[in-house]
Amino acid sequence: MKILVTNDDGISAEGLWTLVRELQNIAEVTVVAPDRERSAIGTAVTLRQPLRIQKVKEAVPEVETYAVEGTPADSVILALCNLVKDKVDLVISGINHGFNLGDDVHISGTVGAALQGYLYGFSSLAISTARENSQHLDTAAKLAALLAKRITSDSLPSPIFLNVNLPNLPPAKISGAQVTRLASDSHINTVEEENDSTGKYYRLVRQRLNKVTEEKTDVGAIEQGNISITPLYIHLSSKPPPPIDKLCAGLLQELQKC
Ligand code: MN
């Protein structure tokens, strides 16, 4: 299996390398990621500036690693058009330091990168966990590896595009693994006005609303201690995704045994 790994937290992020070390046990991994943090940049691509790529020393032996002076989406396009010569089986973006739930998928660079993989016809997975601490990155990495094996098996539809979030819990405390839909009205933006020596400026503040009133949403699943797996699709060009319930069957039990 060949997996392209990227992220939006940048090439030095702990979540990226925790993921790569785990995936290396099951796949040939190539890393192409932004050279710095580019969170909340969504699907942005760089069309009016030159893009530079630097092959960097492998942080994990035998994993080809490239740092891109561009966005997460730029990284995936450069990888699939230029750097990764053979077809990949899967694109994985993450592990993001911070959830990507509900409306956040529209601004998330993690999801924006996975979207590019999907647009190129590859199954793609965005995976995120809590920002507060990184002690459960190992769990997220193991889950990514389990999902990679299931996604690339013949029994699931292909390509699929999934947004995965893990609760900030050790594996034994996770309640379950649910197929969810995106919560609506999941965030609120406020604008703060401040002053400095050059005058007035503004700061956008984005907060998640922990609403659990809607059934089967990603926000609700996380609030109740579940792994949330949301199949995404592109309204303008494709049909709703086929059922993926079997992706979750026995998943938590398998993760707890890892
Ligand atoms: Mn990020």
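An account of the accompanying structure is given in this report.

**Observations concerning the pairing of strand 2 (residues 28-34)**
Line of reasoning, step 1. Of all the seven residues making up strand 2, six are buried; the element is thus mostly covered by neighbouring parts of the structure.
Line of reasoning, step 2. As paired elements, strand 1 (residues 2-6) and strand 2 share four bridges and run parallel to each other. Among the inter-strand pairings, Ile3 is bridged to a residue of strand 2, identified as Val29.

**Some words on the coordination of the manganese ion**
Under ideal tetrahedral coordination, the four donors around a metal are separated by 109.5 degrees; under ideal octahedral coordination, the six donors are separated by 90 or 180 degrees.
Line of reasoning, step 1. At 2.1 to 2.3 Å from the manganese ion lie its protein donor atoms, namely Asp8 (OD), Asp9 (OD), Ser39 (OG) and Asn96 (OD1).
Line of reasoning, step 2. In primary sequence terms, the donor set of the manganese ion follows D-D-x29-S-x56-N. Residue Asp8 is found in the loop between strand 1 and helix 1 (14-23), and its partner Asn96 is found in strand 5 (residues 90-97); the two are separated by 88 residues along the sequence. When sorted by exposure, Asp8 lands in the same class as Asn96, which is buried.

**Describing the packing of aromatic side chains**
Each aromatic ring pair is specified by the distance between its two centres and by the angle formed by the two planes.
Line of reasoning, step 1. Tallied over the full model, the rule gives one aromatic pair.
Line of reasoning, step 2. Taken together, a centroid distance of 5.1 Å and an interplanar angle of 25 degrees make the contact between Tyr118 and Phe161 stacked. Of the two residues, Tyr118 sits in helix 3 (residues 109-119) while Phe161 sits in strand 7 (residues 161-165), which places them 43 residues apart along the sequence.
Line of reasoning, step 3. Judged by its relative accessible area of 15%, Tyr118 falls in the buried class.

Definitions and cut-offs
Sequence positions are assigned chain by chain, starting from 1 and proceeding in written order. Confidence filtering applies because this is a predicted model: local features only for residues at pLDDT of at least 70, side-chain atom pairs given and counted only at 80 or more, and all residues used for totals across whole chains, interfaces and linings. Hydrogens are left out, water is left out, and the side-chain values use all remaining heavy atoms of the structure. Only protein chains enter the area calculation, which uses a 1.4 Å probe; residues under 20% of their type maximum are buried, those over 50% are exposed, and those in between are partly exposed. Segments assigned H or I by DSSP are reported as helices when at least four residues long, segments assigned E as strands when at least two residues long, and all are numbered from the N terminus. Strand pairing is assigned whenever DSSP detects at least two bridges linking the two strands. A 2.8 Å cut-off from the metal defines N, O and S donors, relaxed to 3.2 Å for Na, K and Ca; water is not in the atom list, so some sites may appear incomplete. For this analysis, a ring pair means two rings from Phe, Tyr or Trp (six-membered ring only for Trp) whose centres lie within 6.5 Å, classed as stacked if their planes differ by under 30 degrees, edge-to-face if by over 60, and tilted for the remaining angles.

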